[in-house]
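Take a look at the letters that make up each chain.
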Amino acid sequence: MHKARLRKLKRAKFRHKLFTTGPNKLTRGKLFKKHFDQSIQVNEFSIHSPKWPESFNGLRIAHVSDFHLGDLMPLERALDIVALIEKQEPDLIACTGDIVDLHPCHVRELMDALASVPTTYGTYAVLGNHDELDRPQAIVDAGLDAGIHVLQDATCTIHRGEEVLRIAGIGWAKTEKQCEQKVEHTCTNETHLLLSHNPKAFGAAQAHSIPLTLSGHTHGGQIALPKKKRINLAAAHKYTEGLYQSGSSNLFVTVGVGAWFPLRINCPAEIAMLTVQS
Ligand SMILES: [Fe+2]
């Protein structure tokens, strides 16, 4: 493994001990139990853009992000979430990264389950920073083998009648500049839907007037003020949760279904059901 990646993995494992497994041991397992008792919400949002193709008016996207498959997201819980997605009968599933927390264990089972949800247009995914920690190619391969469109700086199109919806996805990019470079490389002014784990891609998406960008990464801070979800622990981020609009471009940042530490206060995990109108 590359030395820099190994260092990142070591740091992530240390954080995991410090904020997750350590405190759980101190509370004799109560912390995990309380975390697992929290339910996953299904939240509905309506999104409008004049640039969205008319034939895809009313498209229902299940936006799911940040599973963090691992100690805080056992496979059974992840499969329950997939079952909940299936109940919503989405037209398309968008998974915006951090599929695993540290290692790609059980990722094949999760990818197979996501791919088996009946949808009109299939499942699309990008990788997040946690997916990059240990064997990201194993996650890409698991997705591709399952039939998921894993868009690592790549695009694809879906068709309805004579119209086309152009989907792009970028791999993990940390800074706004890095996001911009990837968006420049991957998207055009004709792109309709962009998946990017990092919401910092929204600036570049606006430059291309991309109607809808879907992101995760922030977890909505996991801890927020009551009734003021945007005042949260993800204060270092400009876009932390929910819907942002600028001109004909929209950004939706989901707070995700998983967690990187076992606490969520005023920021429940969610599956976001997005209905996109032209
Ligand atoms: Fe995450």
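These remarks concern the structure in this document. (Residues numbered from 1 in each chain as written. Predicted model: local features only at pLDDT ≥ 70, side-chain atom pairs only at ≥ 80, totals over all residues. Heavy atoms only, no water.)

1. Observations concerning the sheet that holds strand 5 (residues 149-150)
1) Next: Read from one edge of the open sheet, six strands run 1-14-2-3-4-5, paired in mixed fashion. Looking along the sheet, the strands with just one partner apiece sit at the ends: strand 1 (41-48) and strand 5.
2) Next: The pairing of strand 1 with strand 14 (residues 270-277) spans eight bridges and is parallel. Residue pairing for strand 14: Gln41 is matched across the bridge by Glu270. (Pairing = 2+ DSSP bridges. Helix = DSSP H or I, 4+ residues; strand = E, 2+ residues; numbered from the N terminus.)

2. Comments concerning the sheet that holds strand 8 (residues 193-196)
1) Next: Pairing is mixed in the open sheet, where six strands are placed in the order 6-7-8-9-13-12. Two strands close off the open sheet at either side, each with one partner strand: strand 6 (154-160) and strand 12 (242-246). Sheet twist, expressed as the average angle between the axes of neighbouring strands with direction ignored, equals 20°.
2) Next: Lying on the sheet, helix 6 (residues 176-186) is in contact with strand 6, strand 7 (163-170) and strand 8; it crosses strand 7 at an angle near 145°. (Axes fitted to C-alpha atoms, helices over the stretch in contact; angles between N-to-C directions. Contact = heavy atoms within 4.5 Å.)

3. A word on the pairing of strand 2 (residues 59-64)
1) Next: For strand 2, a buried count of five out of six residues is recorded, marking the element as mostly surrounded by other parts of the structure.
2) Next: With five bridges joining them, strand 2 and strand 14 adopt antiparallel strand pairing. Residue His63 lies in a different strand from strand 14, and its bridge partner there is Ala272.
3) Next: Of the pairings in the sheet, the one linking strand 2 to strand 3 (residues 92-96) comprises four bridges and is parallel in character. When the sheet's bridge partners are listed, Ala62 is paired in strand 3 with Ile93.
4) Next: Once you follow strand 2 into helix 3 (residues 75-87) and on to strand 3, the crossover reads as right-handed. (Buried < 20%, exposed > 50% of the residue type's maximum accessible area, 1.4 Å probe, protein only. Right-handed = clockwise from strand over helix to strand, strands pointing away.)

Such coordinate-based values are descriptive only and should not be taken to indicate function.
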